[in-house]
Amino acid sequence: QVQLVESGGGLVQPGGSLRLSCAASGDYFMIYSMGWWRQPPGKQRELVATVAGDGAATYAGSAKDRFTISTNNAKNTTILQMNSLKPEDTAVYYCRLVVAGTGIAYWGQGTQVTVSS
């Protein structure tokens, strides 16, 4: 079993920045991908950014020019640096890890990001 813990959410003004962190723990596993999804109020969960095992990063169109995802594979962590935040970025942000071989996805508990003046 893999457990994911997110941190770093909070309230920020439009144009501000936040840094989200996710740490994975559990028995030995290999990571197929690790990244971030978000769920705005009343909407479905959507992809924000992910990193594959080879280091290739994928971003949602709304995030590509403002957000940066990074990973530390040795520590099984991922960071989402969010800049130039907009009110539409308001959502619960979830860390997601897919285990190589099994394809099983694990989700964190989520951290709230609110962008408002």
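Placed above this text is the structure.
An account of the accompanying structure is given in this report. The structure displayed is predicted, hence computed values, not measured ones.

Moving on to the pattern of salt bridges. Per the counting criterion, the structure on display carries three salt bridges. Across the salt bridge formed by arginine 38 and glutamate 46, the nearest N and O atoms sit 2.9 Å from each other. Residue classification places arginine 38 among the buried residues on the basis of a relative accessible area of 4%. Judged by its relative accessible area of 32%, glutamate 46 falls in the partly exposed class. Here arginine 66 ties to aspartate 89 by a salt bridge, and the two come within 2.6 Å at their closest N and O atoms. Of this pair, arginine 66 sits in the loop between strand S6 (57-59) and strand S7 (67-72) while aspartate 89 sits in the loop between strand S8 (77-82) and strand S9 (91-99), and the two are 23 residues apart along the sequence. On the basis of relative accessible area, arginine 66 is assigned to the buried category, the value being 11%. One salt-bridge network, in which partners are shared between bridges, spans Arg38, Glu46, Arg66 and Asp89.

Excluding glycine, residues mostly carry a negative phi; peptide bonds, for their part, are mostly trans. Within the chain, serine 84 stands out as a residue other than glycine whose phi angle is a positive 50°. Positionally, serine 84 belongs in the loop between S8 and S9. Serine 84 gets classed as partly exposed once you look at its relative accessible area, which sits at 41%.

According to the stated counting rule, one finds two aromatic pairs in the structure shown. On the basis of an interplanar angle of 75° and a centroid distance of 5.7 Å, the ring pair of tryptophan 37 and tryptophan 107 is categorised as edge-to-face. Here tryptophan 37 is found in strand S4 (residues 31-39), whereas its partner tryptophan 107 is found in strand S10 (residues 105-107), with 70 residues between them in sequence. Looking at tryptophan 107, the relative accessible area reads 35%, which means it is partly exposed.

Cut-off values and rules
Residues numbered from 1 in each chain as written. Predicted model: local features only at pLDDT ≥ 70, side-chain atom pairs only at ≥ 80, totals over all residues. Heavy atoms only, no water. Salt bridge = Lys/Arg side-chain N within 4 Å of Asp/Glu carboxyl O. Buried < 20%, exposed > 50% of the residue type's maximum accessible area, 1.4 Å probe, protein only. Helix = DSSP H or I, 4+ residues; strand = E, 2+ residues; numbered from the N terminus. Phe/Tyr/Trp six-rings, centres within 6.5 Å; stacked < 30°, edge-to-face > 60°.

Scope: geometric values only; no functional claims are made or implied.
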